Amino acid sequence: MLIMPTPLVTIAAVVVLGIGAQWLAWRTKFPSILLLLGFGFLAGPVTGFLPQDALQGEWLFPFVSLAVGIILFEGGLTLRFDEFREVGKSVVNLITIGVLVTGVLATIGAHYLAGFSWEVAVVLGALLTVTGPTVVLPLLRHVRPAGRVGTIAKWEGITIDPIGAILAVLVLETVILLNEPAEAAGAHGSVWGALAQGIAFEIVVGVGVAVLAAVLLVFLLHRRLVPDWLQNPVALMVVVAAFAISNTLQEEAGLLEATLLGIIMAGRSHYIAYNVGAADLAAVHHSERAAGPERLRDHAGAGAAVVPGRADAGGPPAGGLAVVAGDGPRLARAGVPVVAGAARHRG
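Residues numbered from 1 in each chain as written. Predicted model: local features only at pLDDT ≥ 70, side-chain atom pairs only at ≥ 80, totals over all residues. Heavy atoms only, no water.

K.L.:
Describe the overall build of the chain, naming the residues involved and giving the relevant values.
P.N.:
Each helix and strand in the chain was counted, giving 15 helices and four strands. Contacts in the chain between residues at least 24 apart in sequence constitute 69% of all its contacts with a sequence separation of at least 6. A total of about 19300 Å² of accessible surface is found on the chain, and carbon and sulfur atoms cover 70% of it. (Helix = DSSP H or I, 4+ residues; strand = E, 2+ residues; numbered from the N terminus. Contact = heavy atoms within 4.5 Å. Areas by Shrake-Rupley, 256 points an atom, 1.4 Å probe, with all protein chains shown as cover.)

Below is the structure:
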């Protein structure tokens, strides 16, 4: 008989299996999303080691929602407006016309093929319009499509998530109001008025809180009010607090807020210089180190300026390199040790 795991073992198992699956995917060059699904099925329905009741509770949905918000913020940090100028038309078509076509076809299929009522089918159609960064981004890291395809898929996968979530909530609320016309008329005047009000609230709350959070974060970093070793925790604190405020003011507005906050902060990245010392570069393979600035610029992203270190107080340390206006997290993920620089520097 299988012994039921304690809550501590359950949480630890989720962390170990999740990170272990991604490490194994890296070693085997296999899509991480597939291994994550496989590990989940094995730990849950197949073996029963992690029964469904073990992770249920009032905290589950808020925790998952917050985790998705953090993922969207991180994804927003990778979006650059110079990319959007090249692929913007395709991305806009995908998140507007593509969403409409997907929703309509999914609704029709759910009604005629699965036998759902129109009310359930339209809600399911709205839910199925979402691709989402948790699926798209791991696949892009594995496939690495050439040309504009990868950029379009990245932008669509990140921006479609808040749009699809808001659409699903609004569609569900509309279905509920249509089934309770008297109550809806008394509270909002009309169903369509309630729908327009919901859309307006989502946009106002999401955009407003994102802008305020970005102003606060840029102010803290620009004024050097946060030490280097606390920048990431403070940024996470602001992201979590802003997400909670948005979702409290308007349901699912936090997803829009988190995405916009990431995009805004990505556009303000020229306020942060990432210094890579000569000692850190020694840890990089000599063949990569030989092309130092070029290699670092590749990891940092288009538009980054990699400048030699000099001894003056306003620049990077002598003997090192500074990646200015680049993507520090991406550089770190590439395996180059990165320390947030103390000086604001423009390339």
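Text resumes after the structure shown.
K.L.:
Go over a nonpolar patch on the surface with me, naming the residues and quoting the values.
P.N.:
On the surface, Phe30, Leu34, Leu37, Phe41, Leu42 and Val46 cluster together to form a nonpolar patch covering roughly 600 Å² of accessible area. Tracing the sequence through the fold places valine 46 in helix H2 (residues 32-46). On the accessibility criterion, valine 46 (58% relative accessible area) is exposed. (Patch = residues over 30% accessible without salt bridge, like charges linked within 9 Å, V, L, I, M, F, W, Y side chains within 5 Å. Salt bridge = Lys/Arg side-chain N within 4 Å of Asp/Glu carboxyl O. Buried < 20%, exposed > 50% of the residue type's maximum accessible area, 1.4 Å probe, protein only.)

K.L.:
How would you summarise the nonpolar core if you had to cite specific residues and measurements?
P.N.:
Among the nonpolar cores identified, the biggest contains 34 residues, and Phe73, Leu217, Leu261 and Met265 are the most heavily contacted of them. When contributions to this core are tallied by element, the ones reaching two or more residues are helix H3 (60-77), helix H4 (81-112), helix H6 (133-143), helix H7 (148-179), helix H9 (191-222), helix H10 (231-249) and helix H11 (253-267). Looking at this core, the element that brings in the most residues is H9, giving nine residues. In contact with leucine 261, not counting residues within four places along its chain, are Phe73, Ala210, Ala213, Ala214 and Val239. In this structure, Val123, Ala126, Ala168 and Val171 belong to the second largest nonpolar core, which totals five residues. (Core = buried A, V, L, I, M, F, W, Y, C linked by side-chain atoms within 4.5 Å.)

K.L.:
Describe the packing of aromatic side chains, naming the residues involved and giving the relevant values.
P.N.:
Following the criterion strictly, the structure yields two aromatic pairs and no others. Aromatic pair phenylalanine 84 and tryptophan 155: ring centres 5.0 Å apart, planes at 45°, arrangement tilted. Of this pair, phenylalanine 84 sits in helix H4 while tryptophan 155 sits in helix H7, and the two are 71 residues apart along the sequence. The class for tryptophan 155 is buried, based on a relative accessible area of 4%. Between tyrosine 112 and tryptophan 118, the aromatic rings sit 5.7 Å apart at their centres with planes inclined by 85°, giving edge-to-face as the arrangement. Given the relative accessible area of 60%, tyrosine 112 is considered exposed. (Phe/Tyr/Trp six-rings, centres within 6.5 Å; stacked < 30°, edge-to-face > 60°.)

K.L.:
I'd love a proper account of H6, names of residues and values included.
P.N.:
Residues three or four positions apart in an α-helix share a direction because the helix packs 3.6 residues into each turn. Inspection of H6 places Pro133, Val136, Leu137, Pro138 and Leu140 among the buried residues, and these make up the whole buried set. For H6, the elements touching its buried residues are H2, H3 and H7.

K.L.:
Talk me through the packing of H3 against H10; I want residue IDs and the actual numbers.
P.N.:
H10 packs onto H3 with a crossing angle of 125° between their chain directions and a minimal axis gap of 10 Å. Accordingly, the angle class assigned to the pair H3 and H10 is oblique. Taken as a pair, H3 and H10 cross one another with a handedness that is right-handed. Packed against H3, whose contacting residues are Ser65, Leu66, Gly69, Ile70 and Phe73, the element H10 presents Leu236, Val239, Val240, Phe243 and Asn247 at the interface. Of the residues assigned to the contact of H3 with H10, the class counts are seven nonpolar, three polar and no charged. (Axes fitted to C-alpha atoms, helices over the stretch in contact; angles between N-to-C directions. Parallel < 35°, antiparallel > 145°, perpendicular 65-115°, else oblique. Left-handed = near helix turned anticlockwise from the far one by under 90°. Nonpolar A, V, L, I, M, F, W, Y, C, P; charged D, E, K, R; others polar.)

K.L.:
Can you tell me about the pattern of salt bridges, naming the residues and giving the values?
P.N.:
Within this structure, the stated rule accounts for four salt bridges. Note that arginine 80 and glutamate 83 form a salt bridge whose closest N and O atoms lie 3.2 Å from each other. Note on accessibility: arginine 80 and glutamate 83 belong to one class, buried. A salt bridge links aspartate 228 to arginine 224, with the shortest nitrogen-to-oxygen separation between them at 2.7 Å. Residue classification places aspartate 228 among the partly exposed residues on the basis of a relative accessible area of 29%.

K.L.:
Break down H10 for me, citing the residues and quoting the values.
P.N.:
Compared with an ideal rise of 1.5 Å per residue, which puts 19 residues at 27 Å, H10 spans 27 Å between its outermost C-alpha atoms and is within 8% of the ideal. All of the buried residues along H10 are Gln231, Val234, Ala235, Val238, Val239, Ala242, Phe243 and Ser246. (Expected span 1.5 Å × (residues − 1).)

K.L.:
Can you explain unusual backbone geometry? Please cite residues and give values.
P.N.:
Of note, lysine 29 is a non-glycine position whose phi angle comes to about 60°, a positive value. By the secondary structure assignment, lysine 29 is in the loop between helix H1 (7-28) and H2. One non-glycine residue, arginine 224, adopts positive backbone phi at about 60°. Secondary-structure assignment places arginine 224 in the loop between H9 and H10. By relative accessible area, arginine 224 is classed as partly exposed at 34%.

None of this, on its own, says anything about what the molecule does.
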